[in-house]
Structure formats: structure tokens, C-alpha cells
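This is what each chain is made of:
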Amino acid sequence: MDTNAEPEQTRHTTNAAGPPIRQLFRDVIADRMKGPRPPQAAMLFDSEVDPCWDDRSFLGDFYSEILHQDTCQPATADGLALVTALADDDRVPARHRFQAVDLLLRAATVAERHLAETWPTAPQHADPHSEARARSAVQAHVPALLARWSAECPAVRLALAGLAVVFPTDRTLPALTPRLQTFTHQHTQGTDIGDYVRFVLVLATQNDDQILTATEKLTDAYWTGTARGVPARPRALHLLGQMLTKVGIELTRAPVGH
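Residue numbers restart at each chain and count upward from 1, following the sequence in its written direction. Two thresholds apply to this predicted model, a pLDDT of at least 70 for residue-level local features and 80 or more for giving and counting side-chain atom pairs, whereas whole-chain, interface and lining totals are computed over all residues. Computation of side-chain values covers all heavy atoms of the structure but excludes hydrogens and water.

### Examining the pattern of salt bridges
Worth spelling out the cut-off: Salt bridge, as used here: a side-chain nitrogen of Lys or Arg that lies within 4 Å of a carboxyl oxygen of Asp or Glu. Strands are runs of DSSP state E lasting at least 2 residues, helices are runs of H or I lasting at least 4, and numbering of each runs from the N terminus. Each residue is assigned to one of three classes by its accessible area relative to the maximum for its type, calculated with a 1.4 Å probe on protein chains only: buried under 20%, partly exposed between the two thresholds, exposed over 50%.
Using the criterion set out here, one finds 17 salt bridges in the structure. Residues Arg 32 and Asp 88 are paired through a salt bridge, measuring 2.8 Å at the closest nitrogen-oxygen approach. Placement of Arg 32 in helix α1 (residues 20-32) and of Asp 88 in the loop between α4 (76-87) and α5 (94-108) is noted, with a sequence separation of 56 residues between them. With a relative accessible area of 22%, Asp 88 lands in the partly exposed category. Here Arg 233 ties to Glu 112 by a salt bridge, and the two come within 2.6 Å at their closest N and O atoms. Of this pair, Arg 233 sits in helix α13 (residues 232-251) while Glu 112 sits in helix α6 (residues 110-118), placing them 121 residues apart in sequence. Residue classification places Arg 233 among the partly exposed residues on the basis of a relative accessible area of 34%. The network of salt bridges with common partners includes Asp 31, Arg 32, Asp 88, Asp 89, Asp 90, Arg 91, Arg 97, Arg 148 and Glu 152.

### Describing α4
For the record, the criterion: A helix is expected to reach a length of 1.5 Å times the quantity of its residues less one.
Taking 1.5 Å of rise per residue, the 12 residues of α4 would be expected to cover 16 Å, and the 16 Å separating its terminal C-alpha atoms lies within 8% of that figure. For α4, the buried fraction is high: 10 of the 12 residues fall into the buried class. Of all the positions in α4, only Thr 76, Ala 77, Gly 79, Leu 80, Leu 82, Val 83, Thr 84, Ala 85, Leu 86 and Ala 87 are classed as buried.

### Points about the packing of α4 against α5
A pair of packed helices is captured by two measures, namely the crossing angle of their axes and the spacing between those axes. Worth spelling out the cut-off: A fitted line through C-alpha atoms serves as each axis, taken over the contacting stretch for helices, and the angle formed by two N-to-C directions is quoted from 0 to 180°. For a crossing to be left-handed, the near helix must be turned anticlockwise from the far one by less than a right angle; the clockwise case is right-handed. Two residues qualify as a contact provided that any one of their heavy atoms is within 4.5 Å of a heavy atom in the partner residue. Ten residues, namely Ala, Val, Leu, Ile, Met, Phe, Trp, Tyr, Cys and Pro, are considered nonpolar, four, namely Asp, Glu, Lys and Arg, are considered charged, and the remaining ones, Gly among them, are considered polar.
Contact geometry for α4 and α5: axes closest at 8 Å, N-to-C directions at 145°. Handedness of the crossing formed by α4 with α5: left-handed. Between α4 and α5, the contacting residues are Leu 80, Val 83, Thr 84, Leu 86 and Ala 87 on the first element and Arg 97, Ala 100, Val 101, Leu 103, Leu 104 and Ala 107 on the second. Along the lines of polarity and charge, the residues of the contact of α4 with α5 split into 9 nonpolar, 1 polar and 1 charged.

Structure (C-alpha cells):
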């Protein structure tokens with residue numbers, strides 16, 4: 001499977017079913033989710049289709065329905081079931097599986113990342129109940145997603161590594177070092193992928209002093225920093241989110257070795 005597709009080109013379709021990615025997502029969800037579906041599934045199954053949709057604009061609208069402007073709403077947790085199903089299906093192209101896992105990570109870390117941004121004040125649009133439900137929804141699906149590791153492409157493995165340190169367990173943390181060894185060999189420190197992988201391994205140590213040192217070193221270098229008074233975990237997850245976003249952009253441009 002092509003794990004490093006070129007950036008998507010704008011495509012228009014006159015098909016009543018909408019752009020190709022909508023049709024694919026609809027097929028996957030229809031096969032994998034029997035019975036009642038989350039409200040966001042209406043974007044896949046409604047008969048009315050936005051005539052301006054191409055793949056890119058549809059994806060933006062679809063993901064925004066689930067995690068709107070990087071904030072959790074009451075329906076977010078339910079909508080994450082759609083994202084998980086897409087991340088867990090090989091019919092979905094690798095770049096879209098990567099985006100799905102990235103969205104799961106962002107939904108699970110909203111509260112901490114926003115706290116890091118607004119410290120010492122509380123995030124203005126926080127919804128603690130919805131954030132907690134979203135985090136629990138993601139956590140419930142992490143074991144199944146991590147079980148795909150050996151069959152996954154390098155791009156998605158990088159995103160899964162982020163989920164593994166957001167929801168650490170005694171089983172998954174020791175596995176990260178050997179699983180990420182190829183990346184550390186192929187991508188040196190100072191590169192986006194190299195720094196991301198090494199930061200994930202620092203997070204896997206669960207050593208607050210090491211995590212704080214690595215966070216400050218990286219943010220002092222070239223990432224957007226946070227106030228030094230912010231607790232270590234929110235600072236680290238704020239940085240992790242930035243790094244994975246940057247890695248995602250790079251993965252659409254250059255090959256990542258197996």
C-alpha cells in the first residue's frame with residue numbers, strides 16, 4: 001500500500017454520492033457499523049451533497065463535525081467511533097488513516113493542550129464533561145489500534161506511537177523502543193521525524209525530569225513554547241501535538257522507510 005501519497009489535488013465530481021473519499025468512507029462505515037450511527041454519519045449518508053465538495057473540502061467539513069475547531073462538544077465522543085472505524089480499515093488510504101489517528105490523539109488531549117496554551121487561566125471554551133468522554137472513547141479503542149502495528153505503514157506507526165504514550169501501559173511502553181528503532185536509525189536528531197520519535201521515547205520513560213528537560217530543549221529550539229509554570233504533562237502533550245502535525249505534513253512529501 002502506498003504510505004506516502006502526494007498531497008491531494010483538488011478534484012470535482014458530479015457524482016450524486018459526492019467526492020470519492022466520501023463514497024469510500026460511507027462504504028467503510030456501512031460495513032463496520034451496524035445499527036444506530038453517530039449523528040456525524042449524516043454527512044456520509046444524507047442524500048443531499050454539497051456541490052462544492054471535493055475530497056479536501058469534504059474531509060475538512062467531516063472532521064470539523066467531530067472535533068470542531070479543536071474543541072470537544074457533547075457529540076464528539078460518539079463521532080470518534082467513526083474516526084476509529086476509518087483508522088482500522090485497510091480500504092482507507094494510509095494518509096487518511098494517519099489523519100484519523102492524529103484526530104484521535106488531538107481529541108484525547110484537548111484539555112491538556114489548551115490548558116498549556118492559556119495557563120494560568122482556564123481555557124475559554126472548555127467543556128470538561130465532553131473532553132472527559134472523548135478521552136475515554138479514544139482510550140477504549142487504543143488497544144485494537146495498537147494491535148495493527150505490525151501490519152501498518154510507517155506513517156501510521158508514528159501516529160500510533162503518539163497514542164501509546166498518551167495512554168501508557170506496562171505492556172505498550174517497553175515495546176516502543178524496539179518498534180521505533182528503525183526510525184531512530186533512519187532519522188537523525190534535528191529532523192522533524194527524528195525529534196518526534198526521540199521525544200516519544202522520552203515520554204515513554206514517564207520520568208518527569210527527563211520529560212521536562214526534553215520539552216524545554218525542543219521548544220527553546222524551534223517549537224512554540226508554553227509558560228514554564230504549566231505542569232509537565234500538558235506542556236509535553238502540547239509539544240507532541242505540534243510535532244505530529246508537522247510530521248504529518250512531511251509524510252505527504254517524502255518517503256518514510258519501513
